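Each chain, letter by letter, is given below.
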Amino acid sequence: MAGGGAKAGDAAGMELEYTPTWIVAAVCSVIVLISLLFERMLHRLGKRLSKSRRKPLYEALLKVKEELMLLGFISLLLNVFQGATQRICVRESAMDHLLPCPRPQVRGAGARTAAHYGATVFTGGVMGSVRRLLAGAGASSDYCFKKGKVPILSVEAIHQLHIFIFVLAVTHVVLSAVTIILGITQTRNWRHWEQKIQQNNDSGPQMIKHVQEFKFIQNHFKGHGKRWKIFGWMRSFFKQFYGSVTEEDYTTMRLGFIMKHCRGHPKFNFYNYMNRALEADFKKVVGISWYLWALLMIFLLLNVHGWYVYIWISVVPFILLLVVGSKMEHIITELALEVAQKHTAIEGDLVVAPSDDFFWFHRPKLVLLLIHIVLFQNAFEIAFFFWLLVTYGFGSCIMGKPAYVIARLVISVISQLLCGYSTLPLYAIISQMGSSFKKAMFDDNISEGIAKWAQNARRRKREMATNMGDNSPVAEGNGGVVQMTNARRDTAMEQGTARLI
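Conventions and cut-offs
- Residues numbered from 1 in each chain as written.
- Predicted model: local features only at pLDDT ≥ 70, side-chain atom pairs only at ≥ 80, totals over all residues.
- Heavy atoms only, no water.
- Helix = DSSP H or I, 4+ residues; strand = E, 2+ residues; numbered from the N terminus.
- Buried < 20%, exposed > 50% of the residue type's maximum accessible area, 1.4 Å probe, protein only.
- Contact = heavy atoms within 4.5 Å.
- Areas by Shrake-Rupley, 256 points an atom, 1.4 Å probe, with all protein chains shown as cover.
- Salt bridge = Lys/Arg side-chain N within 4 Å of Asp/Glu carboxyl O.
- Patch = residues over 30% accessible without salt bridge, like charges linked within 9 Å, V, L, I, M, F, W, Y side chains within 5 Å.
- Lys, Arg positive; Asp, Glu negative; His and termini not counted.
- Charge placed at Lys NZ, Arg CZ, Asp CG, Glu CD.
- Phe/Tyr/Trp six-rings, centres within 6.5 Å; stacked < 30°, edge-to-face > 60°.
- Axes fitted to C-alpha atoms, helices over the stretch in contact; angles between N-to-C directions.
- Parallel < 35°, antiparallel > 145°, perpendicular 65-115°, else oblique.
- Left-handed = near helix turned anticlockwise from the far one by under 90°.
- Nonpolar A, V, L, I, M, F, W, Y, C, P; charged D, E, K, R; others polar.
- Expected span 1.5 Å × (residues − 1).
- Disulfide = S-S within 2.5 Å.
- pLDDT = per-residue confidence, 0-100.
- Core = buried A, V, L, I, M, F, W, Y, C linked by side-chain atoms within 4.5 Å.
- Polar contact = N/O pair within 3.5 Å; in protein donor to acceptor, adjacent residues only side chain to side chain.

**Comments concerning the overall build of the protein**
And then number 1: Of regular secondary structure, the protein possesses 18 helices and four strands.
And then number 2: The proportion of buried residues among the 501 residues of the protein is 38%.
And then number 3: Of the contacts made within the protein by residues no fewer than 6 positions apart, 80% connect residues no fewer than 24 positions apart.
And then number 4: As presented, the protein carries roughly 28900 Å² of accessible surface, and 63% of it is formed by carbon and sulfur atoms.

Pasting the structure below:
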């Protein structure tokens, strides 16, 4: 029995030089095959998006590839510095603070150390599996044990940590893609309204109507005073759950956008422009920015037993999502209020005035930033739940009480659905109610042409500045005046292009 146990231990710790070559080749073949299939799948998806002229979605796919490359690099660093981490020794008392789970009470310092590392040597998951520390962990830990200290992080903890980071990033990308698909699906209902407007050739005389006769005003404006302001906010809060954008809302905001930015093109396809702008914003949402990584570090730091941070991680994004949705609904109310206060009667169609003043801090992009943070926090909650479920099981103390776990999961699912079916479609149209328009106003060919024209203008400006410097002193007479005039013209053209793009 002892001999059998020794052989089993030797087999478990066998190094690569004593591993049969057919096992090494088979394992490597499977890993390479899976990697190649995934790479070809992404490549084919990218070619399909390029052929269909979905450039923003193609750029979003490139962003996903960048995130996966970053995750691979993080995983590589964790593995490379695994041995160095085992040689960073700390006092055992430092391990008694900010614990996610209370440590079992055992007797003796040596027993405490064994209990600390026993929790990382064997961990039971959903299927009751038992895992062993990676090979070589015991030898690395002896370096600190000989000094009467402990390693700052065990090998198994490092392994679980980089798996969690990978699961979090993949979950964020997948949930962001699901959210944008739900949002685009919801906005497809607006295509019928756009087609009806395009087919309408009403060129009859413009009728004068009282402002209260317009259904858009009737739906959003109920009166003046503090009482009606509170009622407007309450209505905006509840309206995000049902019929967040009606046909009157779409028609009125579409006309307001056209009258402000493209007055000479009344048949401008606002629906296509809105979808192109939403696809361009998806490229930003699907990425993991530096501030999201900072939030992740804060979450991991504050996940201390007894602090119940996991409750706030699920509740705060949900509350923030409701606030953002209410604000965007209230912007529609403010558009109606502004028209009702300025006009008594209107000739023709009702026209609203888009402005950055309706948004927080006069920044429409702040809404997208908040949605980005909400989606990441929601992805963190879902990824953390499944990672804990598979790694430690449903009864783990990190999970918390079962009632809290179920409540957090339900809130996360509701947040995801609400963001896809209500908040994101609202953002798609409300973000166009700012003072400026996006470069999605033009299709890809026109955008590329304008960008090349701006690049040529900058190049001519640099060449002209170089020629003027080489020919010093500047020639007197008309030649110098022409050169200065051309320089001013190119500068004006470049600035105009910069504002356009």
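**Some words on the environment of L161**
And then number 1: Note that L161 resides in helix α7 (residues 155–187).
And then number 2: For the pair L161 and L78, spaced 83 residues apart in sequence, the C-alpha to C-alpha distance is 8.9 Å.

**Some thoughts on the pattern of salt bridges**
And then number 1: Applying the stated criterion to the full structure yields eight salt bridges.
And then number 2: When the shortest N-O distance is used, the salt bridge between D249 and K239 registers 3.6 Å. In this pair, D249 sits in helix α11 (residues 247–261) while K239 sits in helix α10 (residues 226–239), placing the two residues ten residues apart along the sequence.
And then number 3: The class of D249 is buried, set by a relative accessible area of 0%.
And then number 4: With a shortest N-O distance of 3.5 Å, K342 and E338 are connected by a salt bridge. Taken together, the residues K342 and E338, both in helix α14 (residues 309–342) and four residues apart, mark about one turn of the helix.

**Observations concerning a positive patch on the surface**
And then number 1: Where like charges cluster on the molecular surface, the positive patch consists of R87, R91, K147 and K149.
And then number 2: For K149, a relative accessible area of 33% puts it in the partly exposed group.

**As for the packing of aromatic side chains**
And then number 1: Per the stated rule, a full pass over the model turns up 20 aromatic pairs.
And then number 2: Between the aromatic rings of F385 and F386, the centroid separation amounts to 5.1 Å while the plane-to-plane angle is 75°, which identifies the pairing as edge-to-face.
And then number 3: Ring pairs connect the aromatic residues W190, W193, Y250, F257, F268, F270 and Y273, which therefore count as one cluster.

**Things to note about the packing of α7 against helix α15 (residues 365–391)**
And then number 1: Interaxial distance between α7 and α15 falls to 8 Å at its minimum, and their mutual angle equals 130°. Between α7 and α15, the crossing angle belongs to the class labelled oblique. Considering how the two elements wind past one another, α7 and α15 form a crossing that is right-handed. Contacts between α7 and α15 involve Q160, I163, F164, V167, L168, T171, H172, L175, S176 and T179 from the former and H372, L375, F376, A379, F380, I382, A383, F384, W387 and T391 from the latter.
And then number 2: Tallied by class, residues from the contact of α7 with α15 come to 13 nonpolar, seven polar and no charged.

**Quick notes on α10**
And then number 1: End to end, α10 covers 20 Å across 14 residues, agreeing with the expected 20 Å (1.5 Å per residue, within 8%).
And then number 2: Buried positions along α10 lie against α9 (215–220), α11 and α14.

**As for the packing of α14 against helix α16 (residues 402–430)**
And then number 1: The interhelical angle for the contact between α14 and α16, taken along N-to-C directions, is 25°, at an axis separation of 9 Å. Taken as axis vectors, α14 and α16 run roughly parallel relative to one another. Between α14 and α16 lies a crossing whose hand is left-handed.

**Some thoughts on the state of the cysteines**
And then number 1: Evaluation of the coordinates by the stated rule reveals one disulfide.
And then number 2: Each sulfur in the disulfide pair C89 and C144 lies 2.0 Å from the other. Here the disulfide of C89 and C144 is left-handed, its torsion about the S-S bond being about -80°. Taken together, the residues C89 in strand β1 (residues 89–90) and C144 in helix α6 (residues 137–145) connect sequence positions 55 residues apart. Take C89 and C144: they sit in the same class, and that class is buried.

**Section: the confidence of the model for the protein**
Close inspection of predicted coordinates is inappropriate for parts of the model with low pLDDT.
And then number 1: Mean pLDDT over the protein stands at 76; residues scoring 70 or higher make up 78%.
And then number 2: Mean pLDDT per element in the protein: helix α18 (residues 478–500) is the minimum at 43, and α11 is the maximum at 88.
And then number 3: Per-residue pLDDT stays below 50 along residues 107–138; that stretch engages in 52 contacts with residues further than four places along the chain or on separate chains.

**Concerning the nonpolar core**
And then number 1: In this structure, W190, I217, Y250, F270, M274, I429 and I430 are the most contacted members of the largest nonpolar core, which totals 62 residues.
And then number 2: Counting residues per element, this core draws most heavily on α14, at ten residues.
And then number 3: The contacts of F270, once residues within four sequence positions are left out, are E194, Y250, R254, F257, I429 and Q432.
And then number 4: Core analysis: the next-biggest nonpolar cluster, separate from the first, contains 25 residues, C101, L168, I398 and V405 among them.

**Some remarks on unusual backbone geometry**
And then number 1: The backbone phi angle of F361 is positive, close to 55°, even though this residue is not glycine.
And then number 2: Looking at the element boundaries, F361 is found in the loop between β4 (345–347) and α15.
And then number 3: Under the relative-accessibility criterion, F361 is labelled exposed at 70%.
And then number 4: In this structure, H362 is a non-glycine residue whose phi angle is positive, near 60°.

**Notes on the side chain of D356**
And then number 1: Tracing the sequence through the fold places D356 in the loop between β4 and α15.
And then number 2: Buried charge D356 goes without a salt bridge, the closest partner of opposite sign being K260 at 8.3 Å.
And then number 3: At 2.8 Å, the side chain of D356 forms a polar contact with the backbone nitrogen of S435.
And then number 4: In contact with D356, other than residues within four places in its own chain, are H362, R363, P364, G434 and S435.

**Observations regarding the environment of A84**
And then number 1: Note on placement: A84 falls in helix α4 (residues 82–86).
And then number 2: With 67 residues separating them along the chain, A84 and P151 place their C-alpha atoms 9.9 Å apart.

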